[in-house]
Amino acid sequence: MQRMKTCTHCQKDNPDDFKHCRYCGAEIMGIPANKPNSIWKRIPAWAWIIIIVACIAGVLFVLIGSFIAVATLEGVASIILLVLGVIGFELHHCANPKIREALRVQSA
């Protein structure tokens, strides 16, 4: 069996040793016609529909679940954010020597 190349212009198969397509005359770039298909091209259309529906359901589940979690744990979330804010404020101001000196003068 002779190896074939596919014309990038007309998508017809040509022998491997041709430099130009025998049907349209365009230059053949050297892409073999019998290249292995990727896994994405082998998935049937019905499987793509199931995958897309599952992804949409997952996104909706995460969004609705996060709203329910924030509503029920609002007090806990507020405390966590308050602690993180205090830690971030302390770290930011302790890194700046001018602010650290000003805070030391105020507390003295």
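All values reported here derive from a predicted model rather than from experimental measurement.

Colleague: Describe in detail the overall build of the protein, supporting the description with residues and values.
Modeller: Per the secondary structure count, the protein includes four helices and two strands. Of the regular secondary structure in the protein, the N- to C-terminal order runs β-β-α-α-α-α. By residue count, 9% of the 108 residues in the protein fall in the buried class. For the protein, the proportion of contacts with a sequence separation of at least 24, taken over those separated by at least 6, is 17%. Total accessible area computed for the protein in this model is approximately 9200 Å², and 70% of it derives from carbon and sulfur atoms.

Colleague: Explain the packing of aromatic side chains to me, using residue names and the numbers behind them.
Modeller: The description of an aromatic ring pair rests on the distance of the ring centres and on the angle between the ring planes. Evaluation of the coordinates by the stated rule reveals zero aromatic pairs. Over the ring of Tyr23 we find Lys12; its NZ or CZ atom is 5.1 Å from the centre of that ring.

Colleague: Explain the environment of Asn14 residue by residue, including any values.
Modeller: Topologically, Asn14 is positioned in strand β2 (residues 13-15). Look at Asn14 and you get buried, because its relative accessible area is 0%. The sequence separation of Asn14 and Ile28 amounts to 14 residues, and the corresponding C-alpha distance is 8.6 Å. Setting aside residues up to four positions removed in sequence, Asn14 forms contacts with Arg3, Met4, Lys5, Cys7, Cys21, Arg22, Tyr23 and Ile28. Here the side chain of Asn14 touches Lys12 through a polar contact of 3.3 Å, landing on its backbone oxygen.

What counts and how
Residues numbered from 1 in each chain as written. Predicted model: local features only at pLDDT ≥ 70, side-chain atom pairs only at ≥ 80, totals over all residues. Heavy atoms only, no water. Helix = DSSP H or I, 4+ residues; strand = E, 2+ residues; numbered from the N terminus. Buried < 20%, exposed > 50% of the residue type's maximum accessible area, 1.4 Å probe, protein only. Contact = heavy atoms within 4.5 Å. Areas by Shrake-Rupley, 256 points an atom, 1.4 Å probe, with all protein chains shown as cover. Phe/Tyr/Trp six-rings, centres within 6.5 Å; stacked < 30°, edge-to-face > 60°. Lys NZ or Arg CZ within 6 Å of the ring centre and 35° of its normal. Polar contact = N/O pair within 3.5 Å; in protein donor to acceptor, adjacent residues only side chain to side chain.

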